[in-house]
Amino acid sequence: MWSFSNIANNIHAWLGNNFNPTMTLVIEMVLAGVAVIGLFAGLGLVLVIMERKVSAWMQIRLGPNRVGPKGMLQSLADTIKLIVKEGLTPDGADKFLFNLAPFIAMIVAMLLMAPIAFAKDFQLWDLNIGVLFVSAVSSIMVISILMAGWASNNKYSLMGAMRSGAQIVSYELSAGLSILTIVVLSGSLSVSDIIYSQADGWWIFKGHIPVLIAFVTFIIAVTAETNRAPFDLAEAESELTAGFHTEYSGMKFALFFLAEYVNVFIVCAIGATLFLGGWMPFHIGSWEGFNQVMDYIPSSIWFFGKTFFLIFVIMWFRWTFPRLRIDQLLNLEWKYLLPISMINLLIVTAMAILKWHF
Amino acid sequence: MFIKKYIQDIWGAVKSLLTGMRRTMYYFTHHKEIITEQYPDNRDTLQLPERFKGEVVMPHDENNEHRCTGCQACELACPNGTIKVIFKNEINAEGKKKKAIDKLVYHLELCTMCNLCIEACPSDAIKMAQTFEHSVFDRNELTKILNNPGSKIMEGVE
Amino acid sequence: MFEEVGTTPEGDMIINVGPQHPATHGVLHLVITLNGETIKKVEPHLGYIHRSIEKMCESLSYRQFIYVTSRMDYLSAHMNNHACAMCVEKGLQVEIPPRAQVIRVLMSELTRIASHELWWGAMAMDLGAFTPFFHAFRERESINDIMEETCGARLTMNYMVPGGVMHDLHPNFQQRVKAFMKLYKKKIHEYDEMVTGNIIFQNRMKNVGVLSANDAISYGCTGPTARGSGVSSDIRKLYPYEIYNTLEFDEVLETGGDSFARYMVRIREMQQSIRIIEQLIDNIPEGDFQTKTKAVLKLPKGEFYSRVETARGELGVYIVSEGGTTPYRIKFRSPGFSNLSVLNHISKGSKLGDLVAMMGTLDLVIPDIDR
C-alpha cells in the first residue's frame, strides 16, 4: 500500500544500493533538509491563508479573494512582496545580533521538526527522549526574541522582548507538566512509543478528566508560548506597535512571521501526538471491525487532520479574546495553571500506578 | 471555602470564554451573515441614494440650455470659494446687450459637499450628482466648468 | 529634551506613544515616563491636527460656519452642527418648527448610537480583540445608510441649519430606522457575549483608571466619563434643549469610576437612545422642517451660548457678535479636551497595557481635542 514510510524505505534502499553508506547518509540528510524547508514554506503559505480566512469569516468579512481561485494564492503574493522588500537595519542597532535573531527563530522551529511523526513510521529522528528534546529546544525560542528586542535599539522592541521572556519562561512550566502527564501514563519519552501506546484509544479518552485538564492546560500554555493572542503581549499591537519585531522589515520580518506559524504547527502537532494519538487512527479498545475501518484512512491524514484542528482552535482563541495584561498573564500561570497542573500530575501518577485508565 | 471560590472563579471564567467562542463559531459557520460590499465589482448594481452629495453639476436640457442666471448666490454661499462665476456680455434676440454666464467654474478639490450652494440657488440651476469616484492623475482635472460649451440660459428663467 | 535622551535623570524610561501609534486613533502624542511597565507620568502633546477651526469660523457667515464644526468631533457631527445652529437661533430669536425639533433629536440620538458603536469596536480592538470591531460596524453601517439617505452624507452631514434642518426626512426614514432598531435589538446580546461578559475583558477594565467624582468635577469632565464616576452631567437632563424635556429617558449613572463603569455607561446609553428613538419614530409631527430665515443672517450685538450633549460630553458653543454677518469670536468648549486632561491623573501607577484601556474608555477623538 502507498504510504510515506514505504517511499522513505524505497529511497533508502535505492540509495544504499547505489552509494556507499557515508554517501547515503549525506544524501539522506540533504533530502531531509530540503523536505523540511519545503514543508516550512508550504506550511507558512497554508497557515497564513488559513488564518486570514478564519479571521475573515469570524469577522463577517470575505477575506482575501482576489489572488488566485478564492484568494488561495494571496499568501504566495505576500511572500513575493516580502522577499523583494528592503531588509532595513536601523543605524543604532547591534547589526550582528539584529540579523542573527530571525535565523535563530527559524533554526529552532526547524529543529523542533525532527522528532515529529508525520505518518506511520515516518519520522526524521525517532530519538528515545523525543518529548524532552521538544521541551528543551522550544525554550531556545525566547533567545531569538530577546535578541531581536535588544538588538533593535528600540524601546518598544525591548519591552516586547522582556514581556515575552517572562511569558515564555513561565508558561514552559505548565506546558512541561502537561506533557509529563502523558509521559507518566505511557511510560516513555519517545514519540513513537507514545503514539503506539494509544493504539487502543487516544489518551484524551483513556485518561479520564485529568488528561482532559492537562490537554486544556497544554493548549493554553502553548498559545502563550508561541506568543499568540490572547497572550500576544510581546507584539501587542495597540500598546507596543509591533513589539519585538517593530524594526524588522522584508524577509527578516517574514522569517519571524514564518517561525511563529511553524511554531504553532509544531506545538499543535505535539499536542495532537500526545493527547490525540498523532497519526494513530481513531481506535476504540477492542472493537476490531471499527478499528479496521478507521485504519483505511491514511495515517498522514489523521495526523494533519488533528494538527489542523488544534491550529484552528488556537486561531479561534485569537479572533475571539482580548489580550491579557502582563501581570494578569503571570497571575494566570503562577496562580492558576501551575497549581492545577501540579495537582493534576499527582492525580495522573496515582492513576497510572493504580491502572485506573483504560 | 477558599477552594470552592477558586473553582467557582475558574468555572465562571471558562464559561464566559466559551460564550464568546460560541459567538465567533456561529459567524464562522454562517457565511450568509457576511456584510462585505464587493466594490468595485458591484459597480453595476451600486445604488446611491438620490440625495447623496457627490459633486455639483449643472443639468442641461436637450437644447443645451441651463437654468443659471448668474446671480452669484452660490458663489456667496460657498464657504471655501469653490464656485466662481465668470460673465460675458451676450446680445439677445432684441439686439440688447445682456449679462450672461460665460463659465461657472467649480473647484472640486476645494468642495466639502456642504450643499449650501444648492440651497442658495434661486433657480435650481445646480444640483448634487451621485458620482463619487473623483480620483484623477492631474489635479487640474478637478477644476471643472459646469456649463457645457455653447450652452445658454433657458427661456423664461430669471 | 527628555525625548532625545530617552531616560529621566532618575533613570526612568521615556517613550513616545504617538503621534503615529495604533492606540491613539489619530495624532495624539503621549510622552510617557515608565518605570518598567508601570506608568509614572503621562504628558499629552497636542497640536498635530490643529486646523484653527475657531479662527476659520470668524471669517465665515452664520450659515457657512456650521459645516466646519462637523470636522471637529466627526463622530458626533450632527450634535456639533446642532449646537451651532441652536446658538445662531438663540441670537436670531427664531423658533424652529416642531417637526424640525423632532428630526434633530432623532438624528442626534442615531448619531450617538453610531458613535458609541464605533467606540465599542475600537476599544475592544485596543484591548486586542479584533472581531468586535467588525461586528460593531455592521450596526453602525446601517445607521450611516440612514444618514446617507436623508442627509446625503455618511459622516460630515451639515444637516442642521439655522432655522431647522436642510432637507425633509426621506420617505424611507421611518421604515429604515425601525429596521435598524430590530437589527440592533437582535444583536445587542452579542455585545455582552463577546466583550462585556468576557472574563479577560472584565479583568482588564475593573479597577483600572479610577476617577473619583470630585476629580471628575475638578477636571471638568463631562459626558460618559463623568457619569461613570457618578457625576450627573447629562445636558439633556440638566439644561434640556429642543424637546428633550418631554421625552422619557434615564440619565445613565455608574458609581464605579473605573474603566468598566465608563464602559457600562456607554453601553447603557445606547439603549436609552434606542428608547428615545422608539418614542419619537411614530410621532413625527407634520409641518415645516425649516423656518424661513433671511438669506443673510445677522446676529444682534451680544454674546450667545448654547450647549448640547454630544456622544463624548458637553459641547458648548460661545458666539460673540458685533452685529455683523460674521461672528466676532467663536469658542468651542469641546468635551474631549477636558476628558483627556484626566489621563495623567488616572493612569499613575498602572501598567502600560492599562493606558490603552483608559484611553479607550475616555473615548478620545483627536480632532475634537485639537480643533
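Keep in mind that what you see is a predicted model, and the values were worked out from it rather than measured.

### Some remarks on the overall build of chain B
Point 1. A tally of regular secondary structure across chain B gives three helices and seven strands.
Point 2. Along chain B, helices (α) and strands (β) appear in the sequence α-β-β-α-β-β-α-β-β-β when read from the amino end.
Point 3. In summary, chain B has a C-alpha radius of gyration of 28 Å against a globular reference of 15 Å for 158 residues, an excess of more than 25%.
Point 4. Taking the principal axes of its C-alpha atoms as reference, chain B extends roughly 105 × 35 × 35 Å.
Point 5. Per-residue burial for chain B yields a buried fraction of 22% across its 158 residues.

### Topic: the environment of L17 of chain B
Point 1. Assignment of secondary structure puts L17 of chain B in helix 1 (residues 2–29).
Point 2. Residue classification places L17 of chain B among the partly exposed residues on the basis of 18 C-beta atoms within 10 Å.
Point 3. The spacing of L17 of chain B and G54 of chain B is 37 residues in sequence and 45 Å in space, taken between C-alpha atoms.
Point 4. Ignoring anything within four residues of it in the chain, the contact list for L17 of chain B reads F321 of chain A together with N198 and I199 of chain C.

### A few points about the domain arrangement of chain B
Point 1. Partitioning chain B into domains gives domain 1 (2–33) and domain 2 (55–153).
Point 2. The C-alpha-based centres of domain 1 of chain B and domain 2 of chain B are spaced at 60 Å.

### Focus: the domain arrangement of chain C
Residues and elements named next belong to chain C.
Point 1. Split into domains, chain C comes out as domain 1 (1–48) and domain 2 (49–370).
Point 2. Computed from C-alpha atoms alone, the centre-to-centre distance between domain 1 and domain 2 is 29 Å.
Point 3. With 17 residues of domain 1 at the contact, the number on the domain 2 side is 21 residues.
Point 4. Counting residues per element, the side of domain 1 that touches domain 2 draws most heavily on strand 3 (residues 38–45), which supplies seven residues.
Point 5. Looking at side-chain class alone, the side of domain 1 that touches domain 2 contains nine nonpolar, four polar and four charged residues.

### Regarding the interface of chain C and chain B
Point 1. Listed by partner, the interface residues are 21 residues for chain C and 21 residues for chain B.
Point 2. Residue assignment for the side of chain C that touches chain B shows that the elements contributing at least two residues are helix 6 (131–151) and helix 7 (173–196) of chain C.
Point 3. For the side of chain C that touches chain B, the element with the most residues is helix 6 of chain C, which contributes five residues.
Point 4. Residues belonging to the side of chain C that touches chain B are distributed by class as follows: six nonpolar, nine polar and six charged.

### A few points about the packing of helix 4 (residues 77–92) of chain C against helix 5 (residues 98–126) of chain C
All names here are of chain C.
Point 1. Running from amino to carboxyl end, helix 4 crosses helix 5 at an angle of 145°, the nearest separation of the two axes being 8 Å. Residues A77, H78, M79 and H82 of helix 4 form the contact with helix 5, whose own contacting residues are R104, M107, S108 and T111.
Point 2. Within the contact of helix 4 with helix 5, the residues separate by chemical class into three nonpolar, four polar and one charged.

### Points about the interface of chain A and chain C
Point 1. Taken together, the contact pairs 23 residues of chain A with 27 residues of chain C.
Point 2. Elements with a minimum of two residues in the side of chain A that touches chain C: helix 11 (237–240) and helix 15 (326–354) of chain A.
Point 3. For the side of chain A that touches chain C, the class distribution of residues is ten nonpolar, five polar and eight charged.

### Remarks on the nonpolar core
Inside soluble globular proteins, nonpolar side chains tend to come together where they are buried.
Point 1. One finds F265, I266 and C268 of chain A together with C117 of chain B to be the most contacted residues of the largest nonpolar core, which totals 228 residues.
Point 2. Here the element with the most residues in this core is helix 12 (residues 250–275) of chain A; it accounts for 18 residues.

### Topic: the sheet that holds strand 2 (residues 29–35) of chain C
Across a sheet, strands are paired by hydrogen bonds formed along the backbone, either parallel or antiparallel in direction.
All names here are of chain C.
Point 1. Taken in spatial order, the three strands of this open sheet run 1-2-3, and their pairing is antiparallel. Pairing within the sheet leaves two strands with one partner each, and these edge strands are strand 1 (13–17) and strand 3. On average, adjacent strands in this sheet sit at an angle of 20° to one another, irrespective of strand direction.

Calculation criteria
Residues numbered from 1 in each chain as written. Chains lettered and ligands numbered in written order. Predicted model: local features only at pLDDT ≥ 70, side-chain atom pairs only at ≥ 80, totals over all residues. Helix = DSSP H or I, 4+ residues; strand = E, 2+ residues; numbered from the N terminus. Rg over C-alpha atoms; globule rule 2.2 N^0.38 Å. Buried ≥ 20, exposed ≤ 12 C-beta atoms within 10 Å, placed from the backbone. Contact = placed C-beta atoms within 7 Å. Domains from an automatic or database assignment. Nonpolar A, V, L, I, M, F, W, Y, C, P; charged D, E, K, R; others polar. Axes fitted to C-alpha atoms, helices over the stretch in contact; angles between N-to-C directions. Core = buried A, V, L, I, M, F, W, Y, C linked by C-beta atoms within 7 Å. Pairing = 2+ DSSP bridges.

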